[in-house]
Amino acid sequence: CDRLNVGLQLNSLSAWYFIVADPAQLQEILKLTLQTRLNEVNDLLTNTKEGTDVGQYSADSRAELIAVQTDAQAVYDNTTSTIDEITIATNYVNQAIAAFKATINTDLTAFVSTNPQNYRWYNIRNYGTGVSYCFNKVISSRNRTVGQKYIYEAKVDSLNDGQLFRFELSDDKMSIVNIVDKSGNYLSANGTISSSSTSGNIFTIQPQTDGIAFYLQPSTLAAPIRANESGTIDNWKYLAGGASSWVFDFAMELPK
């Protein structure tokens, strides 16, 4: 705004001043930004895995991110790093984070065993870092019956049938036709336990901005699957780190 607080206009009242940090202050400010980016890299590397399963990253992509992290950390740790060096390091980290996230594995065929006689079973775990009531809890059918909603609860062990799910894919392998629990029931679009496939609905998985979790999006409803405050599953869209954030933890492969 100009000095009369009316916005930029072509008149003599448009006068401006600038507050410029001295070099020492600017270096400190830029290092704080660099540290924030390095913390994001650390979160990515800590909370993702190397591999070929859904949500995992290749060894090459992790190695590339680690290399940039190492170089940027050296710049951060160096008390004599210049403003330009810190700025360049931050830009490289930003680019490396974006490049890394772009390589997250979304190939649904990983859900299906290469052995046609087997099923691959998964826990569907919430990654709502900002919602403690559901963080790290898994979707479960324990003590629930057809027509009721699936719940989420603390993971007990990989042998608990109520917490294990498999995925049936469409013919083109681009979407999930059914999510089936160990009892043979189906996760419907709104989180209800169904005894049969939900006709016309498919699920897609959409990577969230954190590069770690996914939205589990039904085609017949506008909002993805989420863990609600009452302890059951329904639909609502939260940002990354919220109750709509899910990761898929491989548990076991067993004969059909």
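The structure we're discussing is the one just above.
All of these numbers come straight from a predicted model, not from anything done at the bench.

Caption draft 1: Structural view of the environment of Asp-71. If you trace the backbone, Asp-71 turns up in helix 2 (residues 59-77). Along the primary structure Asp-71 and Val-93 are separated by 22 residues, whereas in three dimensions their C-alpha atoms are 9.3 Å apart.

Caption draft 2: Spotlight on helix 3 (residues 83-101). Under the 1.5 Å per step criterion, the end-to-end length of helix 3 is 27 Å for 19 residues, consistent within 8% with the ideal 27 Å. Buried-residue contacts for helix 3 involve helix 1 (23-47) and helix 2.

Caption draft 3: Geometry of the side chain of Asp-249. Here Asp-249 shows up in strand 12 (residues 246-255). For Asp-249, a relative accessible area of 16% translates into the label buried. Setting aside residues up to four positions removed in sequence, Asp-249 forms contacts with Trp-121, Tyr-122, Asn-123 and Arg-125.

Caption draft 4: Broad picture of unusual backbone geometry. Phi is positive for Asn-143, which is not a glycine, with a value near 60°. By the element assignment, Asn-143 lies in the loop between strand 2 (137-140) and strand 3 (151-154). The residue Lys-173 is not glycine, and still its phi comes out positive at about 65°. Looking at the secondary structure, you find Lys-173 in the loop between strand 4 (165-169) and strand 5 (176-181).

Caption draft 5: Representation of helix 1. Helix length check: helix 1, at 25 residues, gives a terminal C-alpha distance of 36 Å against a target of 36 Å (1.5 Å per residue), a fit within 8%. When helix 1 is considered as a whole, its buried residues turn out to be Lys-31, Leu-34, Leu-38, Val-41, Leu-44 and Leu-45. Where the residues of helix 1 are buried, they touch helix 2 and helix 3. In this structure Asp-22 caps helix 1, since a side-chain oxygen of it lies 3.0 Å from the backbone nitrogen of Ala-24.

Caption draft 6: Local environment of the pairing of strand 1 (residues 118-126). Along strand 1, eight of the nine residues are buried, which leaves the element largely enclosed by surrounding structure. Judged from the nine bridges that link them, strand 1 and strand 12 form a sheet pairing that is antiparallel. Residue pairing across strands places Ile-124 opposite Phe-248, the latter belonging to strand 12.

Caption draft 7: Spotlight on the nonpolar core. Judged by nonpolar contacts, the single largest core of 48 residues is most densely connected at Ile-176, Ile-179, Leu-216 and Phe-248. Among the elements that make up this core, the one with the highest residue count is helix 3 (six residues). Setting aside its immediate chain neighbours within four residues, Ile-179 contacts Ile-124, Phe-165, Arg-166, Phe-167, Asn-185, Tyr-186, Leu-187, Phe-203 and Leu-216.

Caption draft 8: Expanded view of the pattern of salt bridges. Taken as a whole, this structure holds eight salt bridges when the rule is applied. Glu-153 serves as the salt-bridge partner of Arg-142, at 2.8 Å between the closest nitrogen and oxygen. Here Arg-142 is found in the loop between strand 2 and strand 3, whereas its partner Glu-153 is found in strand 3, with eleven residues between them in sequence. Residue Arg-142 is classed as partly exposed on the basis of its relative accessible area of 32%. Residue classification places Glu-153 among the buried residues on the basis of a relative accessible area of 14%. Note that Glu-168 and Arg-166 form a salt bridge whose closest N and O atoms lie 2.8 Å from each other. Its relative accessible area of 24% is what places Glu-168 among the partly exposed residues. Each member of the salt-bridge network shares a partner with another, and the members are Asp-53, Arg-120 and Glu-253.

Thresholds applied
- Residues numbered from 1 in each chain as written.
- Predicted model: local features only at pLDDT ≥ 70, side-chain atom pairs only at ≥ 80, totals over all residues.
- Heavy atoms only, no water.
- Helix = DSSP H or I, 4+ residues; strand = E, 2+ residues; numbered from the N terminus.
- Expected span 1.5 Å × (residues − 1).
- Contact = heavy atoms within 4.5 Å.
- Buried < 20%, exposed > 50% of the residue type's maximum accessible area, 1.4 Å probe, protein only.
- Polar contact = N/O pair within 3.5 Å; in protein donor to acceptor, adjacent residues only side chain to side chain.
- Pairing = 2+ DSSP bridges.
- Core = buried A, V, L, I, M, F, W, Y, C linked by side-chain atoms within 4.5 Å.
- Salt bridge = Lys/Arg side-chain N within 4 Å of Asp/Glu carboxyl O.

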